[in-house]
Amino acid sequence: MVSEFMLQQTQVSRVEAYYHQFLERYPSIESLAAAPSGMVRESWDGLGYYRRASNLHRLAQEVVRDRAGIIPSDPAELRRLPGVGRYTAGAVASFAFERSAPAVDTNVARVIRRAFHPRAPAKALVNRLWATAEQIIPRRGKSAWAFNQGIMELGALICTARVARCGECPVRPACATGKKQDGPASGRALRGN
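Numbers given for residues are sequential positions, taken from 1 along each chain in its written order. Where totals are concerned, whole chains, interfaces and linings use all residues; where local detail is concerned, this predicted model gives features only for residues with pLDDT of at least 70, and gives and counts side-chain atom pairs only at 80 or more. To get the side-chain values, all heavy atoms of the structure are used, and hydrogens and water are removed first.

A.B. asks: Tell me about the overall build of the chain, residues and numbers included.
C.D. replies: Only DSSP runs of H or I covering at least 4 residues are called helices, and only runs of E covering at least 2 are called strands; the numbering of each starts at the N terminus. Along the chain, the regular secondary structure elements total 11 helices and two strands. Listed N to C, the secondary structure of the chain is α-α-α-α-α-α-α-α-α-α-β-α-β in terms of helices and strands. In terms of overall dimensions, the chain has a C-alpha envelope of 60 × 35 × 30 Å along the principal axes. Here the term buried applies to any residue with accessible area under 20% of the maximum for its type, exposed to any over 50%, and partly exposed to those in between, with areas from a 1.4 Å probe on protein chains only. Looking at the chain residue by residue over its 193 residues, the buried ones come to 41%. What makes two residues a contact is simply this: any of their non-hydrogen atoms within 4.5 Å. Of all intrachain contacts in the chain linking residues separated by at least 6 positions in sequence, the fraction that spans at least 24 positions is 55%.

A.B. asks: Would you mind going over unusual backbone geometry in detail, with residue names and values included?
C.D. replies: Located in the positive-phi region is Tyr 49, a residue other than glycine, with phi close to 45 degrees. Tracing the sequence through the fold places Tyr 49 in the loop between α4 (37-44) and α5 (51-67). A relative accessible area of 52% places Tyr 49 in the exposed class. In this model, Ala 68 sits at a positive phi of 55 degrees, which is unusual for a non-glycine residue. When you line up the elements, Ala 68 lands in the loop between α5 and α6 (75-78). A residue is classified by how much of its surface remains accessible, and Ala 68, at 65% relative accessible area, is exposed.

A.B. asks: Explain the nonpolar core to me, using residue names and the numbers behind them.
C.D. replies: Met 1, Met 6, Phe 22, Trp 44, Leu 56, Leu 78 and Val 84 are the most contacted members of the largest nonpolar core, which totals 27 residues. Sorting elements by how many residues they give to this core places α5 first, with five residues. Contact partners of Val 84, with chain neighbours within four places excluded, come to Met 1, Phe 5, Leu 59, Leu 78, Arg 79 and Ala 89. Residue types Ala, Val, Leu, Ile, Met, Phe, Trp, Tyr and Cys, when buried and joined through side-chain atoms within 4.5 Å, form a set referred to as a nonpolar core. Core analysis: the next-biggest nonpolar cluster, separate from the first, contains 18 residues, Val 111, Ile 112, Trp 130 and Ile 158 among them.

A.B. asks: Give me the side chain of Thr 132: which residues, what numbers.
C.D. replies: Position of Thr 132 among the secondary structure elements: in helix α9 (residues 125-136). Leave out the neighbours within four places in its chain, and Thr 132 touches Ile 112, Phe 116 and His 117.

A.B. asks: Could you give me a rundown of α5, with the residues and numbers involved?
C.D. replies: What a helix should span is 1.5 Å times the count of its residues minus one. Here α5 is 17 residues long and its end C-alpha atoms lie 23 Å apart, about the 24 Å a rise of 1.5 Å per residue gives. For α5, the full list of buried residues reads Arg 52, Ala 53, Asn 55, Leu 56, His 57, Leu 59, Ala 60 and Val 63. Along its buried surface, α5 packs onto α1 (2-7), α2 (12-25), α3 (29-34) and α4.

A.B. asks: Which residues make up the pattern of salt bridges, and what values go with them?
C.D. replies: Basic side-chain nitrogens of Lys or Arg form a salt bridge, by our definition, when they fall within 4 Å of a carboxyl oxygen of Asp or Glu. Summed over all chains, the structure comprises seven salt bridges. With a shortest N-O distance of 2.8 Å, Asp 45 and Arg 41 are connected by a salt bridge. One network of salt bridges, in which partners are shared, links Arg 67, Glu 77 and Arg 80.

A.B. asks: Tell me about helix α7 (residues 86-97), and please be specific about residues and values.
C.D. replies: Compared with an ideal rise of 1.5 Å per residue, which puts 12 residues at 16 Å, α7 spans 16 Å between its outermost C-alpha atoms and is within 8% of the ideal. Those residues of α7 that sit buried are Thr 88, Ala 89, Gly 90, Ala 91, Val 92, Ala 93 and Ser 94. Elements in contact with the buried residues of α7: α1, α6 and α10 (141-157). Looking one or two places after α7, you find Glu 98, whose phi comes out positive at around 55 degrees.

A.B. asks: Tell me about the packing of helix α8 (residues 106-116) against α10, and name the residues and values.
C.D. replies: In contact at an axis separation of 8 Å, α8 and α10 are set at 85 degrees when each is read in the N-to-C sense. Comparing their axes, α10 and α8 come out roughly perpendicular. Residues Asn 107, Val 108, Arg 110, Val 111 and Ile 112 of α8 form the contact with α10, whose own contacting residues are Ile 151, Met 152, Leu 154, Gly 155 and Ala 156. Residues were grouped as follows: Ala, Val, Leu, Ile, Met, Phe, Trp, Tyr, Cys and Pro as nonpolar; Asp, Glu, Lys and Arg as charged; and all remaining residues, including Gly, as polar. Among the residues forming the contact of α8 with α10, the class breakdown is seven nonpolar, two polar and one charged. Where helices are involved, their axes are fitted lines through C-alpha atoms of the stretch in contact, as for all axes, and angles between N-to-C directions lie from 0 to 180°. By definition in this entry, angles of less than 35 degrees are roughly parallel, angles greater than 145 are roughly antiparallel, angles of 65 to 115 are roughly perpendicular, and the rest are oblique.

This is the structure in structure tokens:
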């Protein structure tokens, strides 16, 4: 939960140092819940988007008070907690609890859009991407975890925002955008994707 909150709007390289310090200071959900809000805010100093720290603190207090310190594994239950949206609920359910839950971040959305909906109008695209993610995710938890991690990595390393390396992509034969690329291009700039 802590890593997902820290990673909202922040790159992994920036979060790494803060994550370990935060867990040293608050080794349990109970210790985080009991901490004064000013101390939690101070522990977050340098990460920015301080509302995340406040939401994480409120989440810890609610989980300790109302759920005996047990974070729920169900995505719908997770979404009822402070600061937990659709992506965070899916990521926590999948990565922490090995539940079959999609986790559609920016990278995953790009891969799904290019593979399945390259011409979809932007108006209804978000719901369509989540519906597609729900259909393609494996039903077994461990497989779903690996799938979510793999598609995130695919979007971060191969199917990037600026250059889609379709020639290197393992899903190219099934990808609507990849099938259109001429030859084994090592990288092709894509506009609007």
